[in-house]
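# Topology and contacts: notes
Listed below, chain by chain, are the residues.
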Amino acid sequence: MEIHLSKDARDWFHNEMEVEAGEAVRFFVRYGGAGLQPGFSLGVTKDSPYEAVVRLEEDEVLYFIEEADHWYFDEHDLHVTVDDSLGELSYSYESKEA
């Protein structure tokens, strides 16, 4: 499993969440909404890794997923882009079997 970030997503984190070099961003599972698993969706926050199982470092920022949230992805890669019409992050998932 891997995290893939588009250039516009990296810019979004910098501009909207004020993420700077040396900081870390966590993708986490939250109850409710629509996502890869029924009844759950993906959230994002600045955080420090505790038991990160997936890591991506881009522009000196660490993006990660914790062990406790790994089940949600069911061996799918996470692709993060920006929905230009909404100006918000957009998530898609690609099966490793594809």
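Higher on the page you've got the structure.
Residues numbered from 1 in each chain as written. Predicted model: local features only at pLDDT ≥ 70, side-chain atom pairs only at ≥ 80, totals over all residues. Heavy atoms only, no water.

So, on to the overall build of the chain. A tally of helices and strands in the chain yields one helix and seven strands. Counted from the first residue to the last, the chain has its helices and strands arranged as β-α-β-β-β-β-β-β. Its C-alpha radius of gyration of 13 Å places the chain within 12% of the 13 Å reference for a compact globule of 98 residues. Taken along the three principal axes of its C-alpha coordinates, the chain extends 35 × 30 × 25 Å. The contacts in the chain between residues at least 6 apart in sequence include a share of 50% that link residues at least 24 apart. As displayed, the chain offers around 5900 Å² of accessible surface, 43% of which is attributable to carbon and sulfur atoms. With 7 positive and 24 negative side-chain charges, the chain shows a separation of 2 Å between the mean positions of the two kinds. (Helix = DSSP H or I, 4+ residues; strand = E, 2+ residues; numbered from the N terminus. Rg over C-alpha atoms; globule rule 2.2 N^0.38 Å. Contact = heavy atoms within 4.5 Å. Areas by Shrake-Rupley, 256 points an atom, 1.4 Å probe, with all protein chains shown as cover. Lys, Arg positive; Asp, Glu negative; His and termini not counted. Charge placed at Lys NZ, Arg CZ, Asp CG, Glu CD.)

With mixed pairing, the three strands of this open sheet are ordered in space as β1-β6-β7. One side of each edge strand has no neighbouring strand; the edge strands of this open sheet are β1 (3-5) and β7 (88-95). Here the average twist between neighbouring strands, direction ignored, is 25°. With eight bridges connecting them, strand β6 (residues 76-83) and β7 associate as antiparallel partners. If you follow Val 80 over to β7, its bridge partner there is Tyr 91. The sheet contacts of helix α1 (residues 7-16) involve β1, β6 and β7, and relative to β6 the element is tilted by about 70°. (Pairing = 2+ DSSP bridges. Axes fitted to C-alpha atoms, helices over the stretch in contact; angles between N-to-C directions.)

Next up on the list: the environment of Val 80. With respect to the secondary-structure elements, Val 80 resides in strand β6. Each C-alpha atom of the pair Val 80 and Pro 38 lies 19 Å from the other, and the pair is 42 residues apart in sequence. Apart from the residues within four sequence positions on either side, Val 80 is in contact with His 4, Leu 5, Ser 6, Ala 9, Phe 13, Phe 27, Leu 89, Ser 90 and Tyr 91.

In short, the description is geometric, and any link to function would need to be established separately.
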